[in-house]
Amino acid sequence: MGKKNLVWFRNDLRLHDNEMLVEAISKADEILPVYIFDPRQFEQTPYHSFKTGATRAKFLIESVSSLQQVLQQMGGNLLVLQGHPEELLPELVEKYELTEVYHHREVASEETAVSVKVEDALWKLKVNLKHFIGHTLYNKEDLPFPIKDIPDVFTQFKKKTERDAVVKPCFTTPTSITFVSLEDWGEIPELAELLQDPAASMLKIKTDFKGGEQEALAHLHEYLHAGEGMMLANATLKKHEIVSKLSAWLALGCLSPREVYWKMKEAEANYGVKPYFHQIILGLLWRDYYRFMFKKYGNTFFKPQGFRKDGFSLRLENTAALQNWKEGQTGQPLVDACMQELNTTGYINQIARQLVATYLVKELGLNWVLGAAYFEEQLIDYCPASNWGNWAAVAGVGNDQKLSNSFDFEKLLKFLDPKGTFAQVVRA
Ligand SMILES: Cc1cc2nc3c(=O)[nH]c(=O)nc-3n(C[C@H](O)[C@H](O)[C@H](O)COP(=O)(O)OP(=O)(O)OC[C@H]3O[C@@H](n4cnc5c(N)ncnc54)[C@H](O)[C@@H]3O)c2cc1C
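Residues numbered from 1 in each chain as written. Predicted model: local features only at pLDDT ≥ 70, side-chain atom pairs only at ≥ 80, totals over all residues. Heavy atoms only, no water.

Visitor: Give a description of the site of the ligand that names residues and reports values.
Guide: Residues in contact with the ligand amount to 26 residues; listed here are only the nearest, S244, K245, Y347, Q350 and D381. Between a nitrogen atom of the ligand and a main-chain N or O atom of G283, the distance comes to 3.2 Å. At 3.3 Å, a backbone N or O of L284 approaches an oxygen atom of the ligand. Here the ligand, which alone exposes 820 Å², has 97% of that area covered by the protein. No other element matches helix α10 (residues 275-297), which puts 6 residues into the shell around the ligand. Taken together, the residues of the shell around the ligand break down into 13 nonpolar, 9 polar and 4 charged. Here the shell around the ligand spans two domains, and each of domain 2 (137-168 + 213-300) and domain 3 (303-425) adds at least three residues to it. (Near = heavy atom within 4 Å. Polar contact = N/O pair within 3.5 Å; in protein donor to acceptor, adjacent residues only side chain to side chain. Areas by Shrake-Rupley, 256 points an atom, 1.4 Å probe, with all protein chains shown as cover. Helix = DSSP H or I, 4+ residues; strand = E, 2+ residues; numbered from the N terminus. Nonpolar A, V, L, I, M, F, W, Y, C, P; charged D, E, K, R; others polar. Domains from an automatic or database assignment.)

Okay, structure coming up:
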């Protein structure tokens, strides 16, 4: 009997630059690709919010559908299930006599805990769970320092990494796959089936982002190749407004950071070095930095006191002030505009995120964890390391104290809206 490998897709919903998939194909005669909607990802949190709101859930459904369609075009399919991976994957292994299970390792505790449970359950069946690390621009083993010695100061991490590490080439996109044959490939759930917040399905989603690998690659192409015209046409654009808006696809792995890097290098060869190319790389380095910091420090980023040692704590109760902030009803016009934008589109840019986060922490005096948890629900590009890492920095409980001290609400306000014409600034 031939070897059959299960490929467990999670936040890696793509065919391009996917080492896990390439390896699984090369080591087996047949492949069973699987995606599992885990109800725990949609649950209520202890912080008066839900883990996934309507906008990101919709984007996730689109991304899974897109992967399914590509696999169907290759003559196969994607098995779509709902439930707990640690129960479903061993059942599949037994039922279809699978040889190994391939997956990408995550860095945050809830995701790694699921991997551990899956690994334990598979171990009882004497089946191996293979781990891959494909989420970062730089591979962990290519960094000029072991994880425990990665500098806490971002500028040092950036300087040394750019000087001493190389970005690996992308893995080739598979053009043919032999699939395990199944009768029932399951169904992608409707949005309302996934959402556990009764209020969420009433919301109007007004996002321009559409999930999926094809959309991601098209958006990247457009940004890199039409960008020059866009910059010339918008000579008034400020530095913080020149953003790629690639984050949602990067977060779900519809797009690989290495693909962004190498496509950007190609564009650079055509158009020369552009400041907005540099901006993307800077962003990707920040993204790597927070992921590696999570690897280094684990759960500290989720704790209200973070890296502080002075017993700092604030209450975690639901208050009118928190509710007003969430709804964009604080009375501070720019904060309110940003929050309303976030609530309807799932996206606001970096400075707008810093502004509303600083407002919650410094002006309202609320516990930052409540804000971070609300961002987790609302952001279309939510990823644990980037969200909780950035929030901890804004709240002054992060690992880089210099960075943590740099957030000032009035300065951010002036920077974002020097003439009081905020509606232009927060357009996404
Ligand atoms: C309070 C707060 C919460 C945040 N939560 C998230 C989150 O959950 N998910 C997320 O992807 N980003 C988060 N960010 C970082 C940043 O705001 C977004 O990545 C960025 O606004 C996405 O827009 P873009 O794709 O146009 O970014 P660009 O400026 O074009 O950057 C390119 C890519 O680099 C990455 N990136 C850029 N800046 C950062 C940063 N500071 N930290 C980590 N990655 C970065 C993103 O993947 C982004 O797509 C947060 C920032 C703050 C202040």
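Visitor: I'd like a rundown of the packing of helix α3 (residues 85-96) against helix α4 (residues 109-124), residues and numbers included.
Guide: Here α3 crosses α4 at 35°, and the two axes come no closer than 8 Å. Here α3 and α4 pass one another in a crossing that is right-handed. Side by side, α3 and α4 meet where P85, E86, L89, P90 and V93 of the first sit next to V114, K117, V118, A121 and L122 of the second. Classifying every residue of the contact of α3 with α4 by side-chain character gives 8 nonpolar, no polar and 2 charged. (Axes fitted to C-alpha atoms, helices over the stretch in contact; angles between N-to-C directions. Left-handed = near helix turned anticlockwise from the far one by under 90°. Contact = heavy atoms within 4.5 Å.)

Visitor: Before we move on, could you go through helix α12 (residues 333-345) and cite the residues and values that matter?
Guide: Given a rise of 1.5 Å per residue, 13 residues ought to cover 18 Å, and the 18 Å separating the end C-alpha atoms of α12 matches this to within 8%. Within α12 the residues assigned to the buried category are L334, V335, D336, A337, C338, M339, E341, L342, N343 and T345. Structurally, the start of α12 carries an N-cap: the backbone nitrogen of L334 is 2.9 Å from a side-chain oxygen of Q332. In the segment just after α12, G346 is the residue with positive phi, at about 80°. (Expected span 1.5 Å × (residues − 1). Buried < 20%, exposed > 50% of the residue type's maximum accessible area, 1.4 Å probe, protein only.)

Visitor: Any details on the pairing of strand β5 (residues 128-132)? Residues and values, ideally.
Guide: A regular strand places its side chains so that they alternate between the two faces of the sheet. Where strand β4 (residues 100-104) lies against β5, 5 bridges are found, and the strand directions are parallel. Among the inter-strand pairings, Y102 is bridged to a residue of β5, identified as K130. Considered for its hand, the β-α-β crossover made up of β4, α4 and β5 is right-handed. (Pairing = 2+ DSSP bridges. Right-handed = clockwise from strand over helix to strand, strands pointing away.)

Visitor: Give me the lowdown on unusual backbone geometry, citing residues and values where you can.
Guide: The phi dihedral of K126 is positive, around 60°, even though this residue is not glycine. When you line up the elements, K126 lands in the loop between α4 and β5. Take K126: its relative accessible area is 75%, and that puts it in the exposed class. Of note in the backbone geometry, K245 takes a positive phi value of approximately 55° without being a glycine.

Visitor: Summarise the packing of aromatic side chains; cite the residues concerned and give the values.
Guide: Think of a pair of aromatic rings as described by two things: how far the centres are apart, and how the planes are tilted against each other in angle. This model, assessed by the stated rule, comprises 26 aromatic pairs. With a centroid separation of 5.1 Å and 65° between ring planes, the pair formed by F302 and W388 is classed as edge-to-face. With a gap of 86 residues between them, F302 in the loop between α10 and α11 (320-327) and W388 in helix α15 (residues 384-395) connect regions that are remote in the sequence. Residues W325 and F375 carry aromatic rings whose centres are separated by 6.2 Å and whose planes lie at 15° to one another, so their mutual orientation is stacked. Separated by 50 residues along the polypeptide, W325 in helix α11 and F375 in helix α14 (residues 368-378) bring together distant segments of the chain. Above the plane of the ring of Y347 lies R353, whose end atom (NZ or CZ) is 5.3 Å from the centre. (Phe/Tyr/Trp six-rings, centres within 6.5 Å; stacked < 30°, edge-to-face > 60°. Lys NZ or Arg CZ within 6 Å of the ring centre and 35° of its normal.)

Visitor: An account of the UniProt feature "domain: Photolyase/cryptochrome alpha/beta" (unreviewed entry) in the chain is needed here, citing residue identities and associated values.
Guide: Within this structure's numbering, the places UniProt gives as "domain: Photolyase/cryptochrome alpha/beta" (unreviewed entry) are residues 3-137. With 41% helix and 21% strand, residues 3-137 has its two end C-alpha atoms placed 32 Å apart. (UniProt positions renumbered as here; feature names shortened; annotations may be inferred.)

Visitor: Give me the lowdown on the domain arrangement of the chain, citing residues and values where you can.
Guide: You can read the domains of the chain as domain 1 (1-134), domain 2 (137-168 + 213-300) and domain 3 (303-425). Using C-alpha coordinates to define each centre, domain 2 is positioned 23 Å away from domain 3. The partner domain 3 presents 24 residues to the 20 residues of domain 2 that form the contact. Contributions of two or more residues to the side of domain 2 that touches domain 3 are made by α8 (247-252) and α10. Counting residues per element, the side of domain 2 that touches domain 3 draws most heavily on α10, at 8 residues. Tallied by class, the residues present in the side of domain 2 that touches domain 3 amount to 11 nonpolar, 4 polar and 5 charged.

Visitor: Now, about the environment of D408: what can you tell me, with residues and values included?
Guide: The topology assignment puts D408 in the loop between α16 (401-404) and α17 (409-416). Look at D408 and you get partly exposed, because its relative accessible area is 33%. Sequence separation between D408 and V394 is 14 residues; the distance between their C-alpha atoms is 9.1 Å. Among the polar contacts made by the side chain of D408, one reaches the main-chain amide nitrogen of E410 at a distance of 3.1 Å. Side-chain polar atoms of D408 contact the backbone nitrogen of K411, separated by 2.9 Å.

Visitor: So what's going on with a negative patch on the surface? Residues and values would help.
Guide: A surface patch of like charges, here negative, comprises E183, D184, E187, E190 and E193. Tracing the sequence through the fold places E193 in helix α6 (residues 191-194). (Patch = residues over 30% accessible without salt bridge, like charges linked within 9 Å, V, L, I, M, F, W, Y side chains within 5 Å. Salt bridge = Lys/Arg side-chain N within 4 Å of Asp/Glu carboxyl O. Lys, Arg positive; Asp, Glu negative; His and termini not counted. Charge placed at Lys NZ, Arg CZ, Asp CG, Glu CD.)

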